[in-house]
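Close look at the chain arrangement
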Amino acid sequence: MKSILRISALLLAVMLLSSCDWVVMSPAGDIAVQQRDLIVLSTVLMLLIIVPVIFLTFFFAWKYRESNKDAEYAPEWHHSTRLELVIWSAPLAIILVLGTVTWIATHKLDPYRPLDRIDANTPLAEGVEPLVVEVVAIDWKWLFFYPEQGIATINELAAPVNTPIQFKLTSSSIMNSFFVPALAGQIYAMPGMQTQLNAVINKEGVYKGFSGNFSGDGFSHMHFNFHGLSQDGFDAWVEKARAEGVALGREEYLVLERPSEREPVRYFNDVDPALYEAILNMCVAPGSMCVHEMAHIDRSGGGGVDSQENYARLRYDNRHADEPSAAPAATFPEAGREARGDEPQGHQPRAVSPEEETPVPTPTNEDDDEGVKPIPPGQAPQQEGAPGKPDNDGGRTGR
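All of these numbers come straight from a predicted model, not from anything done at the bench.

Quick notes on the overall build of the protein
- Each helix and strand in the protein was counted, giving 8 helices and 14 strands.
- In the protein, which comprises 399 residues, the proportion classed as buried is 33%.
- In the protein, the share of contacts with a sequence separation of at least 24, taken over all contacts with a separation of at least 6, comes to 67%.
- A total of about 25,500 Å² of accessible surface is found on the protein, and carbon and sulfur atoms cover 59% of it.

And the structure:
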């Protein structure tokens, strides 16, 4: 009976493993192939130590078992120079090799580094420009801009094979992670920042892409298809997007950025060319100040008293807080589950216009902070004095 159970468990494990998608170990892009090779090499180098250690552990347990009376018994043995050399030199050599390989691969596979080859046998020809794709992670969907083609898509990505691709990534709200295992390793997308990824797809096909960083309730449905196409197929895909697409400007984007799940594939053909930069600089909403504007003011030494007017333009929270919601804490549109609280789901950044009132903190009970009194507006803070230093009344507070 026990044998039957063991065989059944083994067969079940084999069936479960057979359904796994080994795309990371069988990728279709040159960058992912090099990353796969680095994984294999690192694993083999580590196994050079791990396998002998595991084998010797069982061997010594078997050889020096209690019932083996022929095993050598040496209770006074404590040192062997040859054994010490083997124990320390082999791991040291592997660490040196692994460290060297990792250092080289870290620079060679830097996601910001432009490609210098299409695959292991094909260097990148001179004058070849990469396909630029601007990626925005939204709760909970992906928005892809093709600035050179003048189109944008939701939850669908395409590129011609053997053509370098330059991804520029940002996020509309919280940090996320862009990951197409067949293409290259994952890269983070963060609000107010731009990251980059250079990659190439070498085989035609449809590959899965998804978010590799938890970002809320809709995270598990934040995936898309990446199409590796021939040049003619890519041109046809672009024409399809132009024919079936609709306009995408700032007003449309402010609606699009609202949290939603299971978004279908959509195309946009009349895209505001400055929209991605506005998303990157967090100034899509009317009247808001862009991040690069504030950075310029800071580099110039600050805006002095004029900076007070920038306060309201630089608040990036409580987006849509003044809008009615059919179900608080549910996604928009209705996600089909009960609300878990009164707060809206997800991080919701939005810059408000200067015309809106600056929120005033709710007054708290004076007993909450015993001994702390608020400073009236316009009054400078009073120094309490330090030992040995003059107080405001000209006396001394120390001896």
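Topic: the sheet that holds strand 5 (residues 151–154)
- Strand order in the open sheet made by the 7 strands is 10-7-3-4-5-14-13, with mixed pairing throughout. Edge positions in the sheet fall to strand 10 (195–199) and strand 13 (246–248), since each has one partner strand and no second. Here the strands of the sheet are splayed against their neighbours by 30° on average, with no regard to which way each runs.
- Against the sheet, helix 4 (residues 231–244) touches strand 3 (131–138), strand 4 (141–146), strand 5, strand 13 and strand 14 (266–271), its axis set at about 75° to strand 14.

Describing the state of the cysteines
- In total, this model carries 1 disulfide according to the counting rule given.
- Each sulfur in the disulfide pair cysteine 283 and cysteine 290 lies 1.9 Å from the other. On the sign convention where negative is left-handed, the bridge of cysteine 283 and cysteine 290, at about 80° about the S-S bond, is right-handed. Assigned by exposure class, cysteine 283 and cysteine 290 land together as buried.

Remarks on the UniProt feature "transmembrane region" (unreviewed entry) in the protein
- Feature annotation in UniProt assigns "transmembrane region" (unreviewed entry) to the following positions: residues 38–62 and 83–105.
- Here residues 38–62 runs as 100% helix and 0% strand, with 36 Å between its end C-alpha atoms.
- Split by type, residues 83–105 is 100% helix and 0% strand. Its first and last C-alpha atoms lie 33 Å apart.

Looking at a nonpolar patch on the surface
- A cluster of nonpolar side chains, contributed by Trp22, Val24, Met25, Ile39, Val40, Val44 and Leu48, occupies part of the molecular surface with about 610 Å² of accessible area.
- By secondary structure assignment, the location of isoleucine 39 is in helix 2 (residues 30–63).

With respect to the sheet that holds strand 12 (residues 223–229)
- Strand order in this open sheet of 5 strands is 6-12-11-8-9, and the pairing throughout is mixed. Lying at the two open borders of the sheet, with one neighbouring strand each, are strand 6 (156–160) and strand 9 (184–189). Strand-to-strand twist in this sheet, taken as the mean axis angle between neighbours without regard to direction, amounts to 20°.
- Strand direction decides the pairing type here: strand 8 (residues 176–180) and strand 11 (residues 205–211), joined by 2 bridges, are antiparallel. Across the sheet, residue phenylalanine 178 finds its bridge partner in strand 11, namely serine 211.
- Relative to the sheet, helix 4 contacts strand 6 and strand 12, its axis offset from that of strand 6 by approximately 145°.

Some details on unusual backbone geometry
- The linkage connecting aspartate 139 with the following residue, tryptophan 140, adopts the cis geometry, with an omega of -10°.
- With respect to the secondary-structure elements, tryptophan 140 resides in the loop between strand 3 and strand 4.
- Although it is not a glycine, asparagine 155 sits at a positive phi angle of roughly 60°.
- Tracing the sequence through the fold places asparagine 155 in the loop between strand 5 and strand 6.
- Residue asparagine 155 is classed as buried on the basis of its relative accessible area of 7%.
- Of note in this structure, methionine 282 is not a glycine but carries a positive phi near 55°.
- Summarising the element assignment, methionine 282 is placed in the loop between helix 6 (275–280) and helix 7 (291–299).

Here's the deal with the confidence of the model for the protein
- Here the protein averages 79 in pLDDT, and 72% of its residues register 70 or above.
- Below a pLDDT of 50 lies the segment residues 366–375, which in the model reaches 1 contact outside its immediate sequence neighbourhood of four places, other chains included.
- In the model, residues 380–399 has pLDDT below 50 throughout and makes 18 contacts with residues more than four positions away in sequence or in other chains.

Considerations on the pattern of salt bridges
- Taken as a whole and assessed by the stated rule, the structure comprises 6 salt bridges.
- The salt bridge partner of arginine 242 is glutamate 239, with a shortest N-O separation of 2.9 Å. Of this pair, arginine 242 and glutamate 239 both sit in helix 4, 3 residues apart, which is roughly one turn of that helix.
- As a salt-bridge pair, arginine 250 and aspartate 272 come within 4.0 Å of each other at their nearest N and O atoms. Of this pair, arginine 250 sits in helix 5 (residues 250–256) while aspartate 272 sits in the loop between strand 14 and helix 6; the two residues are 22 residues apart in sequence, bridging distant segments of the chain.
- Its relative accessible area of 32% is what places arginine 250 among the partly exposed residues.

What counts and what doesn't
- Residues numbered from 1 in each chain as written.
- Predicted model: local features only at pLDDT ≥ 70, side-chain atom pairs only at ≥ 80, totals over all residues.
- Heavy atoms only, no water.
- Helix = DSSP H or I, 4+ residues; strand = E, 2+ residues; numbered from the N terminus.
- Buried < 20%, exposed > 50% of the residue type's maximum accessible area, 1.4 Å probe, protein only.
- Contact = heavy atoms within 4.5 Å.
- Areas by Shrake-Rupley, 256 points an atom, 1.4 Å probe, with all protein chains shown as cover.
- Pairing = 2+ DSSP bridges.
- Axes fitted to C-alpha atoms, helices over the stretch in contact; angles between N-to-C directions.
- Disulfide = S-S within 2.5 Å.
- UniProt positions renumbered as here; feature names shortened; annotations may be inferred.
- Patch = residues over 30% accessible without salt bridge, like charges linked within 9 Å, V, L, I, M, F, W, Y side chains within 5 Å.
- Salt bridge = Lys/Arg side-chain N within 4 Å of Asp/Glu carboxyl O.
- pLDDT = per-residue confidence, 0-100.

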